[in-house]
Amino acid sequence: MSERFSRESPQKRIYTAFASLLAQEDAAIDLVGAALLIAKLAYPEVDIACYQSQLDALARRVRGILGLSPTLPLNAMPTSPEREPHEFLQALNQVIFAEEGFCGNSGDYNNPDNSYLNKVLDNRAGIPITLSLVYIEVARRAGLFIEGIGLPYHFIARCQYGEETYYIDAFHQGHLLSEQECIELVRRIAHRPLKLHHHWFEPVPRKQMLGRILNNLKRIYLERDAYEPALAIYELMVLLHPQSAVHRRERGLLHLQLKHYGRALHDLMAYRELAPEAKDRYEVLNYIKMIRQAIAMMN
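The sections below set out a description of the structure shown in this document. On a predicted model such as this, the values are computed, not experimentally measured, just so you know. Residue numbering note: each chain is counted from 1, following its sequence as written. In view of the model being predicted, local features appear only for residues whose pLDDT reaches at least 70, and side-chain atom pairs are presented and counted only at 80 or more, with totals across whole chains, interfaces and linings using the full set of residues. Excluding hydrogens and water, the side-chain figures rest on all heavy atoms present in the structure.

Quick look at unusual backbone geometry
Phase 1 of the analysis: Within the chain, Arg 124 stands out as a residue other than glycine whose phi angle is a positive 60 degrees.
Phase 2 of the analysis: Within the chain, Asp 225 stands out as a residue other than glycine whose phi angle is a positive 55 degrees.
Phase 3 of the analysis: Along the chain, the position of Asp 225 falls in the loop between helix H9 (206-223) and helix H10 (227-240). Counting from the N terminus, the helices are the DSSP runs of H or I reaching at least four residues and the strands are the DSSP runs of E reaching at least two.

As structure tokens, this is what we get:
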């Protein structure tokens, strides 16, 4: 370990490791590793290798049900699997839901633990995005390629081979849906009629899945006025989308709320550079003037 890295705080080490994962091509990102790094912000003791091994063990049980070799494939590819997709899905549902009891935490939906992968694996409960992540990653290890689908209000998974397409609702014990049933589900959750957009059914990149987890946590912490944990989440959001003007602005205002004047000034100046014609540019300029006055009074 380098001297510089050894001097970093545990939180800084998480940011460094997260940035390192994001530097790879999207398809090569270790989705579980990245999700567990997010969890380490709240649970620093998380053993990433231990939770990776838990998912490996679930995948071996799936392969056992299917009568396949316990040796896990290096990576499932979108080609023909070793068994029919519906057989894989039945085995996945048996292990994950029937035997292990994973379920949607509808009774305590806004608990931040539902977005931390370690707690989802510990408690066997989560929200659509994290339960879908578990499903996708166990399937991949077992030898079945499954993608995430970011429907409005509800995240699901999709298994597609040739003419066959299966939509899997991991929040509801792996219930299989047709495209029309997916649309009806979204409309029920929204409590209003919605016009169908075909991009709803496009696969979600890994970075976007991580962004959805971070957005959930950001919303929860801001609603609770929990500014310190919200700021830790914003640090990862900026790493994920370094050119996002909105994230810079929001992080800057959060720094200001916490009286981190130097960092607030840095972020709001960056926001002005990234979005020079923003509608709120004069409001942000007033914040910058106020921060500079505050810094001057401290000198």
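Some points on the layout of surface pockets
Phase 1 of the analysis: Volume-wise, the largest pocket comes out at about 310 Å³.
Phase 2 of the analysis: Grid points spaced at 1 Å and placed over the protein atoms alone form the basis of the search, with a cavity being a set where a 1.4 Å probe fits but cannot get out and a pocket an open set showing protein on both sides within 12 Å along at least five of seven lines. Lining residues have an atom within 4 Å of a point. Taken together, 18 residues form the lining of the largest pocket, with Ala 27, Phe 145, Ile 146, Glu 147 and Arg 206 sitting closest to its centre.
Phase 3 of the analysis: Gly is put with the polar residues, along with every residue not named as nonpolar or charged; the nonpolar set is Ala, Val, Leu, Ile, Met, Phe, Trp, Tyr, Cys and Pro, and the charged set is Asp, Glu, Lys and Arg. Residues that form the lining of the largest pocket fall into these classes: 12 nonpolar, 2 polar and 4 charged.
Phase 4 of the analysis: Each pocket or cavity is described by its volume, and for the second largest pocket that value is around 250 Å³.
Phase 5 of the analysis: Those elements that provide at least two residues to the lining of the second largest pocket are helix H2 (10-22), H10, helix H11 (245-257) and helix H12 (261-274).
Phase 6 of the analysis: Sorting elements by how many residues they give to the lining of the second largest pocket places H10 first, with 4 residues.
Phase 7 of the analysis: Taken together, the residues that form the lining of the second largest pocket break down as 3 nonpolar, 5 polar and 6 charged. Grid points are joined across faces, edges and corners, and a volume is the space filled by probe spheres set on the points.

Observations regarding the packing of helix H3 (residues 31-40) against H9
Two numbers describe a pair of packed helices, the interaxial angle and the distance between the axes.
Phase 1 of the analysis: The axes used here are C-alpha line fits, helices contributing only the stretch in contact, and every angle between their N-to-C directions lies in the interval 0 to 180 degrees. The geometry of H3 relative to H9 is characterised by a closest axis approach of 10 Å and an angle of 20 degrees between their N-to-C directions. Taken together, the axes of H3 and H9 lie roughly parallel to each other. As for how H3 packs across H9, the hand of that crossing is right-handed. Packed against H3, whose contacting residues are Leu 31, Ala 34, Ala 35 and Ile 38, the element H9 presents Arg 206, Met 209, Leu 210, Ile 213, Leu 214 and Leu 217 at the interface.
Phase 2 of the analysis: Residues that form the contact of H3 with H9 fall into these classes: 9 nonpolar, no polar and 1 charged. Oblique is the label for every angle not falling under 35 degrees (roughly parallel), over 145 degrees (roughly antiparallel), or within 65 to 115 degrees (roughly perpendicular). Here is the rule for handedness: rotate from the far helix to the near one, and if that takes an anticlockwise turn smaller than a right angle the crossing is left-handed, while a clockwise turn gives right-handed. Contacts are residue-level and defined by heavy atoms, with any inter-residue pair within 4.5 Å sufficient.

What to know about the nonpolar core
Phase 1 of the analysis: Counting residues in hydrophobic clusters, the biggest one holds 73 residues, and the most contacted among them are Leu 92 and Ile 146.
Phase 2 of the analysis: No other element matches the 9 residues that helix H7 (residues 128-142) contributes to this core.
Phase 3 of the analysis: Other than its neighbours up to four places away in sequence, Leu 92 contacts Val 62, Phe 97, Tyr 135, Val 138, Ala 139, Leu 144 and Ile 146. The nonpolar core is taken to be a set of buried Ala, Val, Leu, Ile, Met, Phe, Trp, Tyr and Cys residues, with the residues joined through side-chain atoms within 4.5 Å. For each residue, the accessible area found with a 1.4 Å probe, counting protein chains only, is set against the maximum for its type, and the residue is called buried under 20%, exposed over 50%, and partly exposed in between.

Description of the sheet that holds strand E5 (residues 164-169)
Phase 1 of the analysis: In this description, strands pair whenever DSSP reports at least two bridges between them. Spatial strand order, E3-E4-E5-E6: 4 strands in an open sheet with antiparallel pairing. Since the sheet does not close on itself, it has two edges, and those belong to strand E3 (147-151) and strand E6 (175-177), each with one partner. Along the sheet, successive strands turn relative to each other by an average axial angle of 40 degrees, direction set aside.
Phase 2 of the analysis: Here 5 bridges tie E3 to strand E4 (residues 154-161), and the two strands are oriented antiparallel to one another. Opposite Gly 148, over in E4, you have Ala 157 as the bridge partner.
Phase 3 of the analysis: Running over the sheet, helix H8 (residues 179-190) touches E3, E4, E5 and E6 and is turned about 105 degrees from E6.

By themselves these figures say nothing about function.
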